[in-house]
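Per-entry structural report
Listed below, chain by chain, are the residues.
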Amino acid sequence: ENDQIGDKSSRRKGDYEQAGALLNEALSIYEKHFAPDHPRIASTISHLAILYHSTGKYAEAEPYYKRAVEICEKHFEKDPEKPGTSLGNLASLYGDIGEYEKAVPIYERSLEILQESLGPEHTQVAYVLNNLGELYTNLGNNQKAQALLQGALAIWEKALGPDHPNVAISADNLAIAF
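Quantities reported herein were computed from a predicted structural model and do not represent experimental measurements.

Attention shifts here to the pattern of salt bridges. For the coordinates displayed, the defined rule picks out seven salt bridges. Measuring nitrogen to oxygen at the nearest pair gives 1.7 Å for the salt bridge that ties glutamate 73 to arginine 109. Of this pair, glutamate 73 sits in helix α4 (residues 58-74) while arginine 109 sits in helix α6 (residues 100-118), and the two are 36 residues apart along the sequence. Each member of the salt-bridge network shares a partner with another, and the members are Glu62, Lys66, Glu99 and Lys102.

Okay, the packing of aromatic side chains next. All told, the structure shown has three aromatic pairs when counted by the stated rule. Considering the side-chain rings of tyrosine 127 and tryptophan 156, the 5.1 Å spacing of their centres and the 80 degrees angle between planes classify their relative orientation as edge-to-face. Of this pair, tyrosine 127 sits in helix α7 (residues 123-138) while tryptophan 156 sits in helix α8 (residues 142-160), placing them 29 residues apart in sequence. On the accessibility criterion, tyrosine 127 (29% relative accessible area) is partly exposed.

Along the polypeptide, alanine 59 turns up in helix α4. Among the residues examined, alanine 59 registers a relative accessible area of 65% and is labelled exposed. Along the backbone, alanine 59 and glycine 161 are 102 residues apart, and their C-alpha atoms lie at a distance of 38 Å.

This paragraph deals with helix α9 (residues 165-177). In this model α9 runs 19 Å from its N-terminal to its C-terminal C-alpha over 13 residues, within 8% of the 18 Å that 1.5 Å per residue would give. Within α9, burial applies to Asn166, Val167, Ser170, Asn173, Leu174 and Ala177. Across the axial projection of α9, the buried residues extend over an arc of 135 degrees, all falling on one side. In α9, those exposed residues whose orientation departs by more than 90 degrees from the buried face are Pro165 and Ile176.

This part is about the nonpolar core. By size, the foremost hydrophobic cluster in this structure holds 45 residues, and its most contacted members are Tyr65, Leu90, Tyr107, Leu129 and Leu132. Secondary-structure elements contributing two or more residues to this core are α2 (16-33), α3 (39-54), α4, α5 (82-96), α6, α7, α8 and α9. At eight residues, α3 tops the list of elements feeding residues into this core. Residues contacting leucine 90, with those up to four places away along its chain left out, are Glu62, Tyr65, Lys66, Val69 and Ile106.

Turning next to the side chain of serine 86. Tracing the sequence through the fold places serine 86 in helix α5. Sequence-distant contacts of serine 86, defined by excluding residues within four places in its chain, comprise Ser46, Ala68, Val69 and Cys72.

Here we take up the packing of α3 against α4. For the pair α3 and α4, the least separation of the axes is 8 Å and the interaxial angle reads 155 degrees. As the angle between them shows, α3 and α4 are arranged roughly antiparallel. In the crossing of α3 with α4, the sense of the turn from one axis to the other is left-handed. Of the residues in α4, those touching α3 at Pro39, Ile41, Ala42, Ile45, Ser46, Leu48, Ala49, Ile50, Tyr52 and His53 are Tyr58, Glu60, Ala61, Tyr64, Tyr65, Arg67, Ala68, Ile71 and Cys72.

Before going further, it helps to spend a moment on α3. Here α3 is 16 residues long and its end C-alpha atoms lie 22 Å apart, about the 22 Å a rise of 1.5 Å per residue gives. Counted residue by residue, α3 has 12 buried out of 16 residues, so it is predominantly covered. Along α3, the residues classified as buried are Ile41, Ala42, Thr44, Ile45, Ser46, His47, Leu48, Ala49, Ile50, Leu51, Tyr52 and His53. Tucked into the core, α3 has its buried residues touching α2, α4 and α5. Immediately downstream of α3, the backbone of glycine 56 shows phi near 80 degrees, a positive value.

Cut-offs used in this document
- Residues numbered from 1 in each chain as written.
- Predicted model: local features only at pLDDT ≥ 70, side-chain atom pairs only at ≥ 80, totals over all residues.
- Heavy atoms only, no water.
- Salt bridge = Lys/Arg side-chain N within 4 Å of Asp/Glu carboxyl O.
- Helix = DSSP H or I, 4+ residues; strand = E, 2+ residues; numbered from the N terminus.
- Phe/Tyr/Trp six-rings, centres within 6.5 Å; stacked < 30°, edge-to-face > 60°.
- Buried < 20%, exposed > 50% of the residue type's maximum accessible area, 1.4 Å probe, protein only.
- Expected span 1.5 Å × (residues − 1).
- Arc of directions from axis to C-beta.
- Core = buried A, V, L, I, M, F, W, Y, C linked by side-chain atoms within 4.5 Å.
- Contact = heavy atoms within 4.5 Å.
- Axes fitted to C-alpha atoms, helices over the stretch in contact; angles between N-to-C directions.
- Parallel < 35°, antiparallel > 145°, perpendicular 65-115°, else oblique.
- Left-handed = near helix turned anticlockwise from the far one by under 90°.

As structure tokens, then:
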């Protein structure tokens, strides 16, 4: 969701196979030189998870997301927003495969961590509010969805201006929740 995949030239060309090979190579090297729970490993496995997720390989993405969450939670003191981001990515996967009930508590935990570590008006918080709002719409809880989506919309309008595409995304999602 928030990380980038592979090397820049591979992303530009959409060469996901090459990006995956490079990420696996990087992971192999890191695993030889660092402890299994090193933050550098978490970053690379997050990138692998995002790559698999974005190419529809959901079963392959899930264990990488889970491992990234575990590592980030272990190093919470050093980089407090990382677990929130990793949790948001895992929740996004569950939302994309229709496991809304599984995604909701993970998004809620992500939101709590990001609000505490980055502040309640950070754009990263808005992403989670928006995504959680979409889930609640899908679950039929429009009242809860509306509150979350209004929060995302307010943050994005303030931070990015009224004409930013993220404002339009939240406005569109909010309209669906009414």
